[in-house]
Amino acid sequence: MRKFLIFILTGFISFSGFSQNTLDLTQEVPFDKTIRTGVLPNGLTYYIKHNEIPKDKTSFYLYQNVGAVLESDKQNGLAHFLEHMAFNGTTHFQGNSVIDWLEKKGVKFGKEINAYTSTNETVYNLSEVPSENEKVIDSCLLILSDWCNELSLTDEEIDAERNVIQEEWRQRYNANYRLEKQLKGVKYNNSVYSKRDALGSMDVVKNFKYRALRDFYHDWYRTDLQAIGIVGDFDVDIMEEKVKALFSKISAIKNPKERKYVTIPDNEKTLYKVATDKEVKNVGLTLEIRQFYRKDNSLAQQRENFVHTIFNSLMNARYKEAIMKGKTSFKSARALYTDFEKNYKAFNLSLSANESEVENAFKAVYTELQRVVQHGFTQGEIDRLKSKMLQNNDIWLQRSKNSSSDSYAKSIKSAYLDGLAVPSHEFSYNFAKSVIPTISKEEVSALAKQYLTEKNRVFTITAPEKENLQVPTLKQIQSIMAEVEKSKLEPYVDQFPVDMALLDSIPEGGKIISEKLIKDFKAVEWQLSNGAKVVYKFSNAQKGHLELNAVSQGGASVYDIKDIPSLQAVSLVNRFGIGDLDPLTYSKVMADNSAKSNVSLETYNERITASASTKDIESMFQLVYMRFETPRFDEAKFNELMTGNYNSLNNAVQNPNTVMSNTYKTLVANGDPRYFEFDKAYLDQINFNRMKEIYGERFSNASDFTFYLIGDVPFNTVKSMVEKYIGALEGEDAKETYNALDDYFPKGLNKHRVEIPMEAPRAMVVIKMEENVDYNRETIVHHNILGDILNIRFIENIREKEGGVYTISVNARDVRVPTSKLNMDISFSCDPNNAEHLNDLVYNELKQIQKDVKQSDLAKVVENLKKTRPLMTQSNSYWMATLEAYYNYDENMMAPEYYDAILDKVTTEDIKKAAQNFFNSANTLDIIFLPKAK
């Protein structure tokens, strides 16, 4: 239902007063009146909306009705190149100064300053800009205006960006990208789409003449193809006046080129193509049937979208059910009617299978589709899904009150680029509430036949590149389809459990024996009669929602090495169902229930997590109770999962990412006997009965757990549920702690150069550093700031000046258990011939920051941290971490001295000292993965 919720949010949304008897589907969706919109004399469109989430922040967007399909062959890749150039100099912001200026205001490049290009659109965004200062608003508007019409496009900046674009291509040049390139011709029937993608041709990127980029900019970046969206905490009238005054100055292009949309030629005959790659593991088969589809604002089309959504959900539920029953010939299967390209949709039927099973898999998948063609869906399937959709609609309305400015801005994008209305949330809610009940099983079932048109069919197969590859031919596929279509299939039997409950009987609960208010967090602590401790904080950050974390110390650390394989298999319990309910029955019982739970066994903790919307909180508490008291252990399911693990070893493919990951883990483990490689020897040591015993040992004593609850459910309601279910758990009044495990991380500086088979000419550089420290809040915060400053330096010097990378990741963090450590991970991909040089540049930066920390860099980082801090405190996950820190370490994450006071007084000398302390003593693992010579 996630897809449904997204669809409602971005598509159409409701006014009160809808009636099924009076709804006229010929009407158009009304535009949200809280969004101010207009078109300037030069043709530029604007959308302006006041929104206070987040408070005192504004998001600025530029939408361009321009993409890769507008390029000529000599410009192949320049739409995307031009997007990059917007950050490399404009009339009012020379060079990279636009990024520099924004980061000084606390807006982070890559996270809140970004853009993307696709085949038909280019979108820029400046998100969550602090906007209390009018000058900041004026400057952001000036940036948007410059992007529209004032890019510098200097020779020097163009040449500098060529390498960055090539590194982006290198980073994305994986098996999926290579397969897509092979299939484009048939997928798009040799239209322009088959010749264009956002990255384009690297030959063009390396060699295009400067004028080619400037011509593309002049031809297509123009006011009649541009819109701006501004959403945030400001006065709409004042903002509109600013927009009119500034953007009206841009002159309209005389005699503009016609903005044409691509027409994909129809194919009367079915097209077929096999694409192979050495790094592909399974065989994939896809039937795609393309249909011309022009979006409009009619209520009829919006209702029709619901009908398609229901079909997608029900069809995929049947495939999921087949997989859960086991012994299917396909590993995965999907049926989906969805957007394809501009003015097109497509029906997509796809599967993956082992090479020897592809024909059987396709027959099975197509049979289920034909079963719907012949017999349709059942009334029970339809009714249950519609009920869940209506429930989710209620939940969505509650949460829509916290819609962020960026979520509105993304809806506005569809308004401009697709000509759709952005309706109010109330409209969407009431429209869904009105039309969903009117959708019949007959009209949903009829879609299966409607999708299967003879025209515009394309079959594609993706497979490993190897000799004697055996995949079905087009003739064989069509023969299977004909056979299935002629057969008389039995109707689907809807074996839905009627009135089956999670629990056969409600347990006899316990009592709260003491209650304590935790004033700093506006939380309450309950001590239960069985020894369990429960902490509840009321929070409406996520409306109509309750989350639970139950945590106990011990985890894997208290077990011998011989038990490691079996204890790591404990997570399989999440796939066994629960109580008396096998996985399939459990999924059906919970079909319209939002409650879910999960068990995990970590190195030093065992944990149960759960969540639910308000209406399902009793189910959530029941699931938590059952995880302790009536877990399900399904040996047949266990054996099935283990068979799949063994088969994955037999069908192993030298995927470079997997090889790099496994090698990296082995080098980090450095001989740790508790580390096991995923191989046959490891799988052979996993024992079902021992796994079951370990689970019982970890989750049998509720008195050793602290239960953290966060949500907006009334205290008395939560209190009654806590007594009823958590109070009913077995408790032994015994506490356990973890065992501190030995640290095997390699000491000193350790360099490894590893050659692995790969198709892409790519190197991967990974630098991992660790240092033991005495725990201190200033030390931790300074280390995090150090990582963020390095990120700025690497982008400036290694990406922009050197052009050596597209992205470079810096992750500075700390751990508390079993001892306090600082960590820093630095990683990037690059040209293999450049790897050692760039690696040296990283170390040069690490040396330089020990000598000099720029005040401007520190100010940028501190400003961003101060800006994001209030946003973090509005999330349930932050509050969950806050409660755990308080109970585990007696720390108050909300106290000024924990964070804010440190930010207020930090100096460049503090960060320089932090760099010296860390880099002079940290143990370092320096790895470069290189392509093996062919």
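From a predicted model like this one, the values you see are computed outputs, not experimental measurements.

1. A closer look at the nonpolar core
Here's step 1: Of all hydrophobic cores here, the largest spans 71 residues; its most connected members are Trp-147 and Phe-247.
Here's step 2: When residues of this core are assigned to their parent elements, the largest contribution, eight residues, is made by helix α4 (residues 134-149).
Here's step 3: Not counting residues within four places of it along the chain, the set of residues in contact with Trp-147 comprises Leu-62, Gln-64, Ala-86, Phe-87, Thr-90, Tyr-124, Leu-126, Tyr-217 and Tyr-221.
Here's step 4: Counting residues in each nonpolar core, the second largest holds 63 residues, with Ile-512, Leu-548, Tyr-586 and Ala-702 among its members.

2. Remarks on the sheet that holds strand β7 (residues 271-277)
Within a sheet, neighbouring strands are paired by backbone hydrogen bonds and run either parallel or antiparallel to one another.
Here's step 1: The strand order β7-β11-β8-β10-β9 describes an open sheet built from five strands, whose pairing is mixed. One side of each edge strand has no neighbouring strand; the edge strands of this open sheet are β7 and β9 (332-339). Each adjacent strand pair in this sheet contributes to an overall mean axis angle of 15°, direction not counted.
Here's step 2: Two strands pair when backbone bridges link them, and β9 and strand β10 (residues 344-353) are joined in this way by eight bridges, in the antiparallel orientation. Its bridge partner lying in β10, Asp-339 is registered against Lys-345.
Here's step 3: Strands in contact with helix α10 (residues 299-325) are β9 and β10; relative to β9, the strand with the most contacts, it is inclined by about 175°.
Here's step 4: Sitting on the sheet, helix α17 (residues 474-486) is in contact with β7, β8 (283-292) and β11 (457-464), with an inclination near 120° to β11.

3. Observations regarding the environment of Gly-510
Here's step 1: With respect to the helices, strands and loops of the structure, Gly-510 is situated in the loop between α17 and β12 (512-518).
Here's step 2: Taking relative accessible area as the criterion, Gly-510 reaches 11% and is therefore assigned buried.
Here's step 3: Once the C-alpha coordinates of Gly-510 and Phe-676 are considered, the two residues, 166 residues apart in sequence, prove to be 42 Å apart.
Here's step 4: The contacts of Gly-510, once residues within four sequence positions are left out, are Ser-529, Glu-723, Gly-727 and Ala-728.

4. Here's the deal with unusual backbone geometry
Here's step 1: Pro-54 follows Ile-53 through a cis peptide bond whose omega is 0°.
Here's step 2: Relative to the assigned elements, Pro-54 resides in the loop between β2 (45-50) and β3 (57-64).
Here's step 3: Following Val-817, the chain continues into Pro-818 via a peptide bond in cis, with omega recorded as 0°.
Here's step 4: Relative to the helices and strands, Pro-818 is located in the loop between β21 (809-815) and β22 (821-830).
Here's step 5: The phi torsion at Asp-56 lies on the positive side, around 60°, for a residue other than glycine.
Here's step 6: Residue placement: Asp-56 occurs in the loop between β2 and β3.
Here's step 7: A positive phi angle is found at Asn-670, which is not glycine, with a value near 55°.
Here's step 8: Along the chain, Asn-670 falls in the loop between α22 (656-669) and α23 (680-684).

5. Comments concerning the pairing of strand β20 (residues 763-772)
Consecutive residues of a regular strand have side chains that alternate between opposite faces of the sheet.
Here's step 1: With nine of 10 residues buried, β20 lies mostly within the body of the structure.
Here's step 2: Two strands pair when backbone bridges link them, and β20 and strand β23 (residues 923-931) are joined in this way by seven bridges, in the antiparallel orientation. Opposite Ile-767, over in β23, you have Asp-926 as the bridge partner.

6. Examining the side chain of Asn-267
Here's step 1: Its place among the elements puts Asn-267 in the loop between α9 (236-247) and β7.
Here's step 2: Judged by its relative accessible area of 5%, Asn-267 falls in the buried class.
Here's step 3: Side-chain polar atoms of Asn-267 contact the backbone oxygen of Arg-457, separated by 3.1 Å.
Here's step 4: Once residues within four sequence positions are removed from consideration, Asn-267 is found in contact with Asn-189, Arg-290, Lys-455, Asn-456 and Arg-457.

7. As for the sheet that holds β23
Here's step 1: Across the sheet, which stays open at both edges, the five strands sit in the order β19-β23-β20-β22-β21 with mixed pairing between neighbours. Pairing within the sheet leaves two strands with one partner each, and these edge strands are β19 (749-756) and β21. Within this sheet the neighbouring strands show an average axis-to-axis angle of 15°, counted without direction.
Here's step 2: In the packing of helix α31 (residues 908-919) onto the sheet, the strands contacted are β20 and β22, and the crossing angle to β20 comes to about 95°.

8. Comments concerning empty space enclosed by the protein
Here's step 1: In the structure shown here, the tally under the stated rule is five cavities of 30 Å³ or more.
Here's step 2: Glu-103, Gly-106, Val-107, Lys-108, Asp-788, Ile-792, Lys-860, Val-861 and Asn-864 are the residues that line the largest cavity.
Here's step 3: Elements with a contribution of two residues or more to the lining of the largest cavity: α26 (777-801) and α28 (855-872).
Here's step 4: The residue inventory of the lining of the largest cavity, partitioned by class, reads three nonpolar, two polar and four charged.

9. What to know about the packing of helix α3 (residues 97-104) against α4
Here's step 1: In the contact formed by α3 and α4, the axes pass within 12 Å of each other and the chain directions differ by 155°. By the criterion of interaxial angle, the relationship of α3 to α4 is roughly antiparallel. Crossing geometry of α3 relative to α4 is assigned as left-handed. Touching Val-98, Trp-101 and Leu-102 of α3 are Val-136, Ser-139, Cys-140 and Ile-143, all from α4.
Here's step 2: In the contact of α3 with α4, the residues fall into six nonpolar, one polar and no charged.

10. Here's the deal with helix α11 (residues 358-375)
Note: α-helices contain 3.6 residues per turn, so residues at a spacing of three or four share the same orientation.
Here's step 1: Across its 18 residues, α11 extends 26 Å between first and last C-alpha, which sits within 8% of the 26 Å expected from 1.5 Å per residue.
Here's step 2: Where α11 terminates, the next one or two residues include Gly-376, which has phi positive at roughly 75°.

What counts, and where the lines are drawn
Residues numbered from 1 in each chain as written. Predicted model: local features only at pLDDT ≥ 70, side-chain atom pairs only at ≥ 80, totals over all residues. Heavy atoms only, no water. Core = buried A, V, L, I, M, F, W, Y, C linked by side-chain atoms within 4.5 Å. Buried < 20%, exposed > 50% of the residue type's maximum accessible area, 1.4 Å probe, protein only. Helix = DSSP H or I, 4+ residues; strand = E, 2+ residues; numbered from the N terminus. Contact = heavy atoms within 4.5 Å. Pairing = 2+ DSSP bridges. Axes fitted to C-alpha atoms, helices over the stretch in contact; angles between N-to-C directions. Polar contact = N/O pair within 3.5 Å; in protein donor to acceptor, adjacent residues only side chain to side chain. 1 Å grid on protein atoms, 1.4 Å probe; cavity = no way out; pocket = protein on both sides within 12 Å on 5 of 7 lines; lining within 4 Å. Points joined across faces, edges and corners; volume = space filled by probe spheres on them. Nonpolar A, V, L, I, M, F, W, Y, C, P; charged D, E, K, R; others polar. Parallel < 35°, antiparallel > 145°, perpendicular 65-115°, else oblique. Left-handed = near helix turned anticlockwise from the far one by under 90°. Expected span 1.5 Å × (residues − 1).

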